[in-house]
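Now for the letters of each chain:
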Amino acid sequence: MQMRIGVTSVDFQHEHGSLLAEIAGLCACFGLTRPELEDLFSRMPNPEPCREGYVPLGAFLTACSQLLRESMMLCEEGALSREQLRELELRTHNYILLVGALSQDLLGSCQSLPAVSSTPGPQVQPLTAGELHRELASFTQTLRSMARICLELFDSLEAMTDASRPPSSLFGTATSLLDMIHTACWEYTRWYSLYQASCPKDITAENVPAGDASS
């Protein structure tokens, strides 16, 4: 399955019960240089041999989390430039989406990745408008819940004085909201992949909304 992430895409394959990700797609998704890719490979837990040009997504994300953690530490020390901070932000966002892809695959829920085949060719069956509508329902419900929780946080903080310290009870609410944001990012990315497979269209300057020409 091809999953679009920003202006890039990553191809997934199933092999021996593992979710594999195309190395070229991962490099494009994270903007990895050759030295960075070699560094990541050296950090990976010894993955089982798999299809050429692919890597087990779990092993890649394990190594990637170490790299991101080190970058976060440099960020806290003020050692990163504005451009490096922007790169870290994008990499962290894409890391979250790929963790969502792996989690959904491992859980095997009804919201999991569409079945992928080891043979070439189309791997996602086009959906009808009604099916796309139903697929989007979960994302819509998540947005409603996010809005409700965000308002609860906002109202709780607004009721406090400037000198007050937020109570520890708010931490759980804030954490729940963060988790839902991650879930929503994954749900919409998954739905958009299904939409693209169902409604292919050439993207030209004539049909790109104003302000999106650079996408």
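Residues numbered from 1 in each chain as written. Predicted model: local features only at pLDDT ≥ 70, side-chain atom pairs only at ≥ 80, totals over all residues. Heavy atoms only, no water.

**Student:** Sorry, what's going on with the pattern of salt bridges here?
**Tutor:** Opposite charge on two side chains makes pairing possible when the charged atoms of those side chains draw close. Inspection of every chain in the model, using the stated rule, returns 6 salt bridges. Arg91 serves as the salt-bridge partner of Glu36, at 2.9 Å between the closest nitrogen and oxygen. Of this pair, Glu36 sits in helix α2 (residues 34-43) while Arg91 sits in helix α4 (residues 82-107), placing them 55 residues apart in sequence. Overall, Arg91 belongs to the buried group, its relative accessible area being 9%. Each member of the salt-bridge network shares a partner with another, and the members are Glu36, Glu87 and Arg91. (Salt bridge = Lys/Arg side-chain N within 4 Å of Asp/Glu carboxyl O. Helix = DSSP H or I, 4+ residues; strand = E, 2+ residues; numbered from the N terminus. Buried < 20%, exposed > 50% of the residue type's maximum accessible area, 1.4 Å probe, protein only.)

**Student:** Whenever I open this one, the packing of aromatic side chains confuses me. Can you help?
**Tutor:** The geometry of an aromatic ring pair comes down to the distance between the two centres and the angle between the two planes. Enumeration according to the criterion identifies 1 aromatic pair in this entry. Between Arg51 and the ring centre of Tyr54, over which it is positioned, the NZ or CZ distance is 5.8 Å. (Phe/Tyr/Trp six-rings, centres within 6.5 Å; stacked < 30°, edge-to-face > 60°. Lys NZ or Arg CZ within 6 Å of the ring centre and 35° of its normal.)

**Student:** Please clarify how the sheet that holds strand β2 (residues 8-15) should be interpreted in this entry.
**Tutor:** Working definition: the strands of a sheet are paired by backbone hydrogen bonds and lie parallel or antiparallel to each other. Pairing in this open sheet of 4 strands is antiparallel, and the strands run β1-β2-β3-β4 from one edge to the other. Two strands lie at the open edges of the sheet, namely β1 (2-5) and β4 (54-56), each paired on one side alone. In this sheet, neighbouring strand axes are inclined to one another by 35 degrees on average, regardless of whether the strands run parallel or antiparallel. Taken together, the 4 bridges between β1 and β2 define a ladder with antiparallel strand orientation. Looking across to β2, one finds that Ile5 is bridged to Thr8. The sheet strands contacting helix α3 (residues 57-76) are β2, β3 (18-22) and β4, and the helix crosses β4 at an angle near 75 degrees. (Pairing = 2+ DSSP bridges. Axes fitted to C-alpha atoms, helices over the stretch in contact; angles between N-to-C directions. Contact = heavy atoms within 4.5 Å.)

**Student:** Please clarify how the nonpolar core should be interpreted in this entry.
**Tutor:** Inside soluble globular proteins, nonpolar side chains tend to come together where they are buried. Counting residues in each nonpolar core, the largest one holds 30 residues, and the members touching the most others are Phe12, Leu57, Phe60 and Leu98. For this core, the secondary-structure elements that each account for two or more residues are β1, β2, β3, α1 (23-30), α2, α3 and α4. If we skip the residues at most four places from it in the chain, Phe60 touches Leu26, Phe30, Leu32, Leu40, Met44 and Val55. The next biggest cluster of nonpolar side chains, apart from the first, holds 8 residues, and it includes Met146, Leu177, Met180 and Ala184. (Core = buried A, V, L, I, M, F, W, Y, C linked by side-chain atoms within 4.5 Å.)

**Student:** Would you mind showing me how to read the packing of α2 against α3 here?
**Tutor:** A pair of packed helices can be characterised by two numbers: the angle between their axes and the separation between those axes. Packing of α2 against α3 leaves a shortest axis separation of 8 Å and a crossing angle of 115 degrees. In this structure, α2 meets α3 at a crossing whose hand is right-handed. Note on element contacts: α3 touches α2 through Phe60, Ala63, Cys64, Gln66, Leu67 and Glu70, opposite Asp39, Leu40 and Arg43. Residue classes in the contact of α2 with α3 are distributed as 5 nonpolar, 1 polar and 3 charged. (Left-handed = near helix turned anticlockwise from the far one by under 90°. Nonpolar A, V, L, I, M, F, W, Y, C, P; charged D, E, K, R; others polar.)

**Student:** It is not clear to me how the confidence of the model for the protein chain should be interpreted in this structure. Could you clarify?
**Tutor:** Segments scoring low in pLDDT should not have their predicted coordinates read at a detailed level. The pLDDT averaged across the protein chain works out to 76; a share of 79% of its residues lies at or above 70. Below pLDDT 50 for its whole length, residues 108-124 participates in 33 contacts with residues either more than four positions away or in separate chains. In this model residues 203-215 is a low-confidence stretch, pLDDT under 50, and it forms 5 contacts with partners more than four residues away in sequence or in other chains. (pLDDT = per-residue confidence, 0-100.)

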